[in-house]
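# An overview of the molecular structure
Listed below, chain by chain, are the residues.
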Amino acid sequence: MSDFTDLVARAVNPSMSREERDAVYDVVRQAVLRLQERENLDPHDPRRSLQRHLVEETIRDIEIDIVRYVTLKKLAEVAAKQDADAQSGRRR
């Protein structure tokens, strides 16, 4: 599953809008459905539910990683600004 996660994670990035990321996730969901149909999985086959669950879990994990990345980036920017302000205050 980590190969799948890596593949999906490479298809999105933090600079994308939420709508753009959702569009990628929709393509991933559709691809999994087509694979299930190609494998002729019965709609009530538990593997089908498991695969759907794993896709949703992967998307959730990637979104968490993106939120973490964006948050840490913003915190670093705020810290750099505070440091710059502190440095300019000491020079006066």
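Along each chain, residue indices are assigned from 1 in the same order as the chain's sequence is written. Confidence filtering applies because this is a predicted model: local features only for residues at pLDDT of at least 70, side-chain atom pairs given and counted only at 80 or more, and all residues used for totals across whole chains, interfaces and linings. Based on all heavy atoms of the structure, the side-chain values leave hydrogens and waters out of the count.

Glancing now at the confidence of the model for the protein chain. When pLDDT drops low, the exact placement of atoms in the prediction is not to be read closely. What pLDDT expresses is the predictor's confidence in each residue, scored from 0 to 100. When pLDDT is averaged along the protein chain, the result is 91; 97% of the residues meet or exceed 70. For helices the rule is a DSSP run of H or I covering at least 4 residues; for strands it is a run of E covering at least 2, with both sets numbered from the N terminus onward. Helix α1 (residues 2–11) is the least confidently modelled element of the protein chain, averaging 84 in pLDDT, while helix α2 (residues 18–38) averages 93, the highest of any element.

A few words now on the pattern of salt bridges. Each reported salt bridge corresponds to a side-chain nitrogen of Lys or Arg within 4 Å of a carboxyl oxygen of Asp or Glu. Inspection of the entire model under this criterion finds nine salt bridges. In this structure, Asp-61 engages Arg-60 in a salt bridge whose closest nitrogen and oxygen atoms are separated by 2.9 Å. Relative accessibility thresholds used throughout: buried, under 20% of the residue-type maximum; exposed, over 50%; partly exposed, between the two (1.4 Å probe, protein chains only). Asp-61 gets classed as partly exposed once you look at its relative accessible area, which sits at 33%. Under the relative-accessibility criterion, Arg-60 is labelled partly exposed at 45%. One network of salt bridges, with partners in common, ties together Arg-18, Arg-21, Asp-22 and Glu-63.

Before going further, it helps to spend a moment on the packing of α1 against α2. Put simply, α1 and α2 touch, their axes get as near as 10 Å, and they point 145° apart. Considering only the axes of α1 and α2, their crossing is right-handed. Within the contact between the two elements, α1 uses Phe-4, Val-8 and Ala-11 and α2 uses Val-24, Tyr-25, Val-28 and Val-32. Residue classes follow a fixed rule: Ala, Val, Leu, Ile, Met, Phe, Trp, Tyr, Cys and Pro count as nonpolar, while Asp, Glu, Lys and Arg count as charged, and any other residue, Gly among them, counts as polar. Tallied by class, residues from the contact of α1 with α2 come to seven nonpolar, no polar and no charged. Every axis in this analysis is a line fitted to C-alpha atoms, fitted for helices over the stretch in contact. Angles between the N-to-C directions lie between 0 and 180 degrees. Helix crossings are classified by the rotation of the near helix relative to the far one: an anticlockwise turn of less than a right angle makes the crossing left-handed, while a clockwise turn makes it right-handed. Contacts are assigned to residue pairs with any non-hydrogen atoms lying within 4.5 Å of each other.

Attention shifts here to the nonpolar core. Buried Ala, Val, Leu, Ile, Met, Phe, Trp, Tyr and Cys residues form a nonpolar core when they are joined through side-chain atoms within 4.5 Å. The biggest cluster of nonpolar side chains holds eleven residues, and these are Val-8, Val-12, Met-16, Val-24, Tyr-25, Val-28, Val-32, Val-55, Ile-59, Ile-62 and Ile-66. Secondary-structure elements contributing two or more residues to this core are α2 and α3 (46–91).

So, about α2. Multiply 1.5 Å by the residue count of a helix minus one, and that product is the helix's expected span. The end-to-end C-alpha separation of α2 is 30 Å, in line with the 30 Å expected for 21 residues at 1.5 Å each. For α2, the full list of buried residues reads Arg-21, Val-24, Tyr-25, Val-28, Val-32 and Gln-36. Down the axis of α2, the buried side of the element spans an arc of 125°, and every buried residue falls inside it. Among the exposed residues of α2, those pointing more than 90 degrees away from its buried face are Glu-19 and Arg-38. Just past α2, the residue Asn-40 takes up positive phi, approximately 55°. Note that the arc is computed from the directions linking the helix axis to the C-beta atoms.

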